[in-house]
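# Reading the structure
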Amino acid sequence: MPSREGSPRDGPPTPDELISQIASARPATVADYMAAANAHYYATRDPLGAAGDFTTAPEISQMFGEMIGIWIADLWNRAGNPAFHYVELGPGRGTLAADALRVMARFGCAPQGIHLVETSPTLREAQRVRLPGAEHHDEVDALPDDAPMIIVANEFFDALPVHQYIRTSRGWRERLVERRDSALVPVAGEVPAEEAVPASLRDQPEGTIVETAPVSAAIMQRCAFRLVRQGGAMLAIDYGYSGPAAGDTLQAVKAHRFVDPFADPGEVDLTAHVDFASLADIAQGAGAAASALATQGDWLRRMGIEARLQSLIAAAPDRADELQGQRDRLVGPKAMGSLFKAMAFAAPGWPTPAGFTGDTA
């Protein structure tokens, strides 16, 4: 998650101070606004769970991380049991990694190192409790280069900043965030921005918004280059779509409710939907293979979540309803099962990752 620049005052800035900083001299891009607000947000709290603002799949059920552990162990076995590093981008509280590593150990699959790309001091402390001995990194470039890497990115790309472009009566303009009195509001910029909009999306009606994610693209490219050089694979799971597509997906969540993304900067979780087709194009351009896109529900079923559910119920029959409810939240089409997508990327010569139909691209 993004790092936060130091504040000139003691303690984190207030929302009013963030408003002043974000648009003090001139309007900021939506990307700059999102980066500044999220940097403050993640650096100053643990946002997860019932007492936080949102809940991720690993916090809903151990079955989620366990299926990822099975995915890694299967890939490692078919690759010939190589030494490798476990890497997670934006690992939350470390719950996913703890569940995955526990299952991997049952198959004799032990990583050479555990590496977490995380800059939030609060979340790093939670990760140290669950994953003693794990090494933290501020960015992908700091990861080790002496062995293959198996990278997990669950709900990571959605928190990275996006640029927004809006079709106006004068053509495409970048969407900016402007300070008006004590509030921030989105406005259309003055500089023509046709070249920033994908050619296939330029012929859209007035008011249409198109998003691009250069920070996500850069991180995906760095990961793909590493896989090609070192070997390994990557699993990305997030809510998103297969683009190119138009639409405003910027959203904010606070206390498990959707709120205005331009109110209370730094006090709400800002995210945008992930364009998986773009990630695939970037990975392939770097020389890695990209899998077909799967819904989270389909991928979890292919990895064996139903069998795991039955074994958990057999061990604790009194928890049957609770466990089935967790399964339903993860795979149900009206819950996370359809909105969340999964895609894998693999180095040349590595096996096709499990859980995806069709050939890798």
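Attention in this report is confined to the structure presented alongside it. (Residues numbered from 1 in each chain as written. Predicted model: local features only at pLDDT ≥ 70, side-chain atom pairs only at ≥ 80, totals over all residues. Heavy atoms only, no water.)

## Comments concerning the environment of R124
What counts here: What counts as a helix is a DSSP run of H or I of at least four residues, what counts as a strand is a run of E of at least two, and both are numbered from the N terminus. The buried label applies to any residue whose accessible area, calculated with a 1.4 Å probe on protein chains only, is under 20% of its type's maximum; exposed applies above 50%, and partly exposed to all values in between.
Relative to the helices and strands, R124 resides in helix α6 (residues 121-130). Given the relative accessible area of 16%, R124 is considered buried. Taking C-alpha positions, R124 is 9.9 Å from D46, a pair spaced 78 residues apart along the chain.

## Thoughts on helix α8 (residues 276-285)
In plain terms, the rule: Throughout, a contact is declared for two residues whenever any of their heavy atoms are within 4.5 Å. Side-chain atoms alone can form a polar contact between residues adjacent in sequence; in general such a contact is a pair of N or O atoms within 3.5 Å, and within protein one must be able to donate a hydrogen while the other accepts it.
All of the buried residues in α8 are F276, A277, L279, A280, I282 and A283. The inward-facing, buried residues of α8 contact α7 (214-230), β10 (232-241), β14 (274-275), β15 (289-290) and β17 (340-346). For α8, the N-terminal cap is D275; the gap from its side-chain oxygen to the backbone nitrogen of A277 is 3.1 Å. The positive-phi residue at the C-terminal boundary of α8 is G287, with phi of around 105°.

## Here's the deal with the layout of surface pockets
The cut-off we apply is this: A cavity, in this analysis, means grid points on a 1 Å lattice covering only the protein atoms where a 1.4 Å probe fits yet has no way out; a pocket is instead an open set bounded by protein on both sides within 12 Å along at least five of seven lines, and a residue lines either one if it has an atom within 4 Å of a point. Grid points are joined across faces, edges and corners, and a volume is the space filled by probe spheres set on the points. Gly counts as polar in this scheme, as do all residues outside two lists: the nonpolar Ala, Val, Leu, Ile, Met, Phe, Trp, Tyr, Cys and Pro, and the charged Asp, Glu, Lys and Arg.
Quantified by volume, the largest pocket comes out at close to 660 Å³. What lines the largest pocket is a set of 36 residues, among which F54, T55, T56, E155 and F340 lie closest to the centre. When residues of the lining of the largest pocket are traced back to their parent elements, those giving at least two are α3 (57-60), α5 (95-106), β11 (251-254) and β13 (269-271). For the lining of the largest pocket, the class distribution of residues is 18 nonpolar, 10 polar and 8 charged.

## Comments concerning the nonpolar core
Defined as follows: We call a set of buried Ala, Val, Leu, Ile, Met, Phe, Trp, Tyr and Cys residues a nonpolar core when their side-chain atoms join them within 4.5 Å.
Counting 77 residues, the largest nonpolar core has W71, F157 and W299 as its most contacted members. With 9 residues, the top contributor of residues to this core is helix α4 (residues 62-78). Once you skip the residues sitting within four places of it in the chain, W299 turns out to touch M67, I68, W71, L235, I237, A294, A342, A354, G355 and F356. Ranked by size, the runner-up nonpolar core spans 16 residues in total, among them A28, Y33, L270 and A272.

## Re the pattern of salt bridges
For side chains bearing opposite charge, pairing can occur when the charged atoms are close. This is how the line gets drawn: Any Lys or Arg side-chain nitrogen found within 4 Å of a carboxyl oxygen on Asp or Glu counts as a salt bridge.
A complete count under the given rule lists 18 salt bridges for this structure. As a salt-bridge pair, R45 and E267 come within 3.3 Å of each other at their nearest N and O atoms. Remark: E267 occurs in the loop between β12 (257-259) and β13 and R45 occurs in the loop between α2 (30-43) and α3; sequence separation between them is 222 residues. For R45, a relative accessible area of 18% puts it in the buried group. The closest approach of N and O atoms between E195 and R202, which form a salt bridge, is 3.9 Å. With relative accessibility at 69%, the residue E195 sits in the exposed group. For R202, a relative accessible area of 27% translates into the label partly exposed. What emerges from the salt-bridge pattern is a single network uniting E66, D99, R102 and R308.

## Overview of unusual backbone geometry
A cis amide bond links G243 to the next residue, P244, at an omega of 0°. Tracing the backbone through its elements, the reader meets P244 in the loop between β10 and β11. Even without being a glycine, N81 presents a positive backbone phi close to 60°. Within the element layout of this structure, N81 appears in the loop between α4 and β2 (85-89). Look at A255: it is not a glycine, yet its phi comes out positive at around 55°. Within the secondary structure layout, A255 lies in the loop between β11 and β12.

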